[in-house]
Number of protein chains: 2
Amino acid sequence: MDHGRELVETEQSVFRAALIDAGLLVDAGVDGLYQRSGAFERVVRGIEAHASRAAAGEGGAQYYFPPLLPRADFEHTGYLRSFPNLLGAIEVFKGGDAEHAELLKAVDGGEDWTARLTPSDITLSSAACHALYPHVPLRIPGSGLRYEVQGYCFRHEPSLDPARMQSFRMHEFVYIGEASAALEHRDRWLQRGLTALSDLGLDVTSEEANDPFFGRAGRMLAANQRATALKFEITCPVSSQDQRTAIASANYHEAHFGEEFGLTTETGGTAHSACFGFGLERIALALFSRHGVASESWPESVRAALWP
Amino acid sequence: MDHGRELVETEQSVFRAALIDAGLLVDAGVDGLYQRSGAFERVVRGIEAHASRAAAGEGGAQYYFPPLLPRADFEHTGYLRSFPNLLGAIEVFKGGDAEHAELLKAVDGGEDWTARLTPSDITLSSAACHALYPHVPLRIPGSGLRYEVQGYCFRHEPSLDPARMQSFRMHEFVYIGEASAALEHRDRWLQRGLTALSDLGLDVTSEEANDPFFGRAGRMLAANQRATALKFEITCPVSSQDQRTAIASANYHEAHFGEEFGLTTETGGTAHSACFGFGLERIALALFSRHGVASESWPESVRAALWP
């Protein structure tokens, strides 16, 4: 319905303007790219610490990833097949003085100077856990392996909805091991996530979901993902009170990453994996939407949960 | 001297191996790209908070920047002219189903699939303060403007020296206003930085320096930067005990950014600017080099400064 879509866009733009007016976000000049104020960042860090505490000591080894991933690893994530429209690859300049003169001529002439760059061996990271799988032991011990990871992720989907940023942080809890334990990890974390987020005063619920697989073939992948109930999202009103936004997701990958990165279990099978990801910026936005733009005036229980 | 260079490389590789063995860094598979452990990140955040406290309430508005910059802003930073060899530009996929099939054929055939991507309007950020200048008021008030900013920066300079990362964070204190006040900001922060870093038990000193300007023309720019004493670095032993590494820098930009971004002062002139940047990863590495890889065993005074 056109009318419905317009209404949603209006709610989103009103929320976006409120965040910018309050100085929490600065529009960086490209849709979906924002600078965060100190107050916004303090909320993000509170959420991150709250998520760590939700693990109750069972989070596993912690890793913080830079926003970049080796291209060779990116090629194994399956992202090129499923979400090519969202990826970002890095180009660099490898010329000498003569090529530099040509580059500057292109810049000064308003031409596309990036045509003079060459591909690098690096891409932007699309999901925090992608950086993890290439570096875990190839033989996963019987009890499985747990990790708590975080990183800046990139999704090329320019939008005026502040909840759809091109550059945002994901804080994930990952399990790699036997299938049943991976499923159990996903389901336990879905419950933990619901509790942790409702402790922040958010109106959360969990829903079966599918990833936005690309193109014609993607429709089948999405249907299959739903039919096999691999993905759940925790949703909440963020930019719109009527249309809920996913602020966290619980994913069972089956043997996808195990196969791509050659991970086996003690029993000799391919390792399965699961992850639960908190979307740090989206949760922060949900909090600003729910409790107002002044975090110092949020309910005492919320402040105590974020900054104990 | 070849012998000297070999010696330095050996010291660097021994230090790199010690960091990786201790689990503080994980080699991400591309030279200069590392994943940080929770312990490493805790040190980085301690340094960041210590730097904020060094501002003694005079840091100004805080902003945290994503690792990406609009290309239009990047073109105004002067980076294309001075450091083209270090930049990173982002390419994305804009095709439909047919182009996707071709992309996957290239991937499966081991061809360069990035040739099928198209330029985006985004680049990687090269310095934290670059994201700031396009968004400050065009007319700078008489007392000038101060900012505390942080972000992930990219420098395409693959290296096995752990102190030369391709992706790292810079925490900066920026001043924009009259020339004399900008110079004063730089010099006051150089002293503050020396105090803050020596409070962490680091053997720091300040040195006149120049940026690594590119190519033949760059040699003149570097000489000019030294002749006019625009840049100072705080150096310290990091990967090598003999060859000091810059862990922070104090820069007076004269009217460079003011001109590029159209910033004027109350008196009608072009605004000048200065920044002091703490290199968060390099300072963390300096601490691990100085006090050992186990941060829980660092001297009490250092621990108290990082985690009061």
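Going by an unreviewed UniProt entry, chain A carries the name Amino acid--[acyl-carrier-protein] ligase and comes from Microbacterium horticulturae.

> For the interface of chain A and chain B, give the residues involved together with the corresponding values.
By convention, interface size is frequently given as the accessible area that disappears when the constituent parts associate. With 67 residues of chain A in contact, the opposing surface of chain B contributes 67 residues. Buried surface at the junction of chain A and chain B, summed over both partners, amounts to about 5700 Å²; 65% is from carbon and sulfur atoms. It is Gln35(A), Tyr64(A) and Trp113(A) in chain A that bury the most area against chain B; as a group they hold 11% of the surface buried on that side. Across the chain A-chain B interface, the total number found is 8 salt bridges. For the pair chain A and chain B, the interface holds 22 residue pairs in polar contact (both at pLDDT 80 or more).

> For the relation of the copies chain A and chain B, give the residues involved together with the corresponding values.
Between chain A and chain B, the superposition needs a rotation of 180° and an axial shift of 0.0 Å, giving an RMSD of 0.0 Å. Considering both components of the superposition, the chain copies are consistent with a two-fold axis. For chain A, the smallest separation between a C-alpha atom and the rotation axis is recorded for Ile90(A), amounting to 2.4 Å. The share of interface residues of chain A whose copies in chain B are also at the interface is 100%, consistent with both copies meeting through the same surface.

> Describe in detail the packing of aromatic side chains, supporting the description with residues and values.
Tallied over the entire structure, the rule returns 34 aromatic pairs over all chains. Their ring planes at 25° and their centres at 6.3 Å tell us that Tyr133(B) and Phe261(B) sit as a pair that is stacked. Taken together, the residues span a long stretch of sequence, with Tyr133(B) in the loop between strand E6 (118-124) and strand E7 (139-140) and Phe261(B) in the loop between helix H8 (256-260) and strand E13 (264-265) at a distance of 128 residues. According to the relative accessible area criterion, Tyr133(B) is buried, its value standing at 1%. Among the aromatic residues, those joined into a cluster by ring pairs are Phe74(A), Tyr79(A), Phe83(A), Phe213(A) and Trp113(B). The ring of Trp189(A) has Arg192(A) lying over it, and the distance from NZ or CZ to the ring centre is 4.9 Å.

> Describe the environment of Ala56(B), listing the residues and the values that go with them.
With respect to the secondary-structure elements, Ala56(B) resides in the loop between helix H2 (38-54) and strand E3 (61-65). Along the chain, Ala56(B) and Arg192(B) lie 136 residues apart, while their C-alpha atoms are 10.0 Å from each other.

> Which residues make up unusual backbone geometry, and what are the values?
Residue and element names in this part refer to chain B. Non-glycine residue Ala-56 carries a positive phi angle of around 50°. Residue Glu-254 is not a glycine yet carries a positive backbone phi of 50°. Examined against the element boundaries, Glu-254 turns out to sit in strand E12 (residues 245-254).

> Describe the nonpolar core, naming the residues involved and giving the relevant values.
All names here are of chain A. By size, the foremost hydrophobic cluster in this structure holds 86 residues, and its most contacted members are Leu-197, Leu-202, Ile-247 and Leu-287. If you tally residues by element for this core, the top one is helix H9 (residues 280-291), at 7 residues. Apart from residues no more than four positions distant in its own chain, Ile-247 is found in contact with Leu-197, Leu-202, Val-204, Ile-234, Cys-236, Val-238, Gly-277, Phe-278, Gly-279, Arg-282, Ile-283 and Ala-286.

> Give a description of the pairing of strand E3 (residues 61-65) of chain A that names residues and reports values.
Note: E3(A) against strand E8 (residues 145-154) of chain A, 5 bridges, orientation parallel. Counted as the bridge partner of Phe65(A) is Gly151(A) from E8(A). Looking at chain direction, E3(A) and strand E2 (residues 34-37) of chain B are connected through 2 bridges and run antiparallel. Residue pairing for E2(B): Tyr64(A) is matched across the bridge by Arg36(B).

> Report on the packing of H2(B) against helix H9 (residues 280-291) of chain B, specifying residues and quantitative values.
Residues and elements named next belong to chain B. In contact at an axis separation of 9 Å, H2 and H9 are set at 110° when each is read in the N-to-C sense. Between H2 and H9, the crossing angle belongs to the class labelled roughly perpendicular. Pair H2 / H9 crosses with right-handed handedness. Counting all contacts with H2, which are made through Phe-40, Val-43, Val-44, Ile-47 and Glu-48, the residues of H9 involved are Leu-280, Glu-281, Ile-283, Ala-284, Leu-285, Leu-287 and Phe-288.

> Could you give an account of the sheet that holds strand E11 (residues 231-236) of chain B, with specific residues and numbers?
Judged by pairing direction, the sheet is mixed, and its 9 strands sit side by side in the order E1(A)-E2(A)-E3(B)-E8(B)-E9(B)-E14(B)-E12(B)-E11(B)-E10(B) without closing on themselves. Of all the strands in the sheet, the pair left with one neighbour each is strand E1 (25-27) of chain A together with strand E10 (205-209) of chain B. Here the strands of the sheet are splayed against their neighbours by 25° on average, with no regard to which way each runs. Contacts from helix H2 (residues 38-54) of chain A reach E1 and strand E2 (34-37) of chain A together with E3 and strand E8 (145-154) of chain B, with the element oriented near 80° to E2(A).

Cut-offs applied
Residues numbered from 1 in each chain as written. Chains lettered and ligands numbered in written order. Predicted model: local features only at pLDDT ≥ 70, side-chain atom pairs only at ≥ 80, totals over all residues. Heavy atoms only, no water. Contact = heavy atoms within 4.5 Å. Buried area = accessible area lost by both parts, 1.4 Å probe. Salt bridge = Lys/Arg side-chain N within 4 Å of Asp/Glu carboxyl O. Polar contact = N/O pair within 3.5 Å; in protein donor to acceptor, adjacent residues only side chain to side chain. Least-squares fit on C-alpha atoms with pLDDT ≥ 70 in both. Phe/Tyr/Trp six-rings, centres within 6.5 Å; stacked < 30°, edge-to-face > 60°. Helix = DSSP H or I, 4+ residues; strand = E, 2+ residues; numbered from the N terminus. Buried < 20%, exposed > 50% of the residue type's maximum accessible area, 1.4 Å probe, protein only. Lys NZ or Arg CZ within 6 Å of the ring centre and 35° of its normal. Core = buried A, V, L, I, M, F, W, Y, C linked by side-chain atoms within 4.5 Å. Pairing = 2+ DSSP bridges. Axes fitted to C-alpha atoms, helices over the stretch in contact; angles between N-to-C directions. Parallel < 35°, antiparallel > 145°, perpendicular 65-115°, else oblique. Left-handed = near helix turned anticlockwise from the far one by under 90°.

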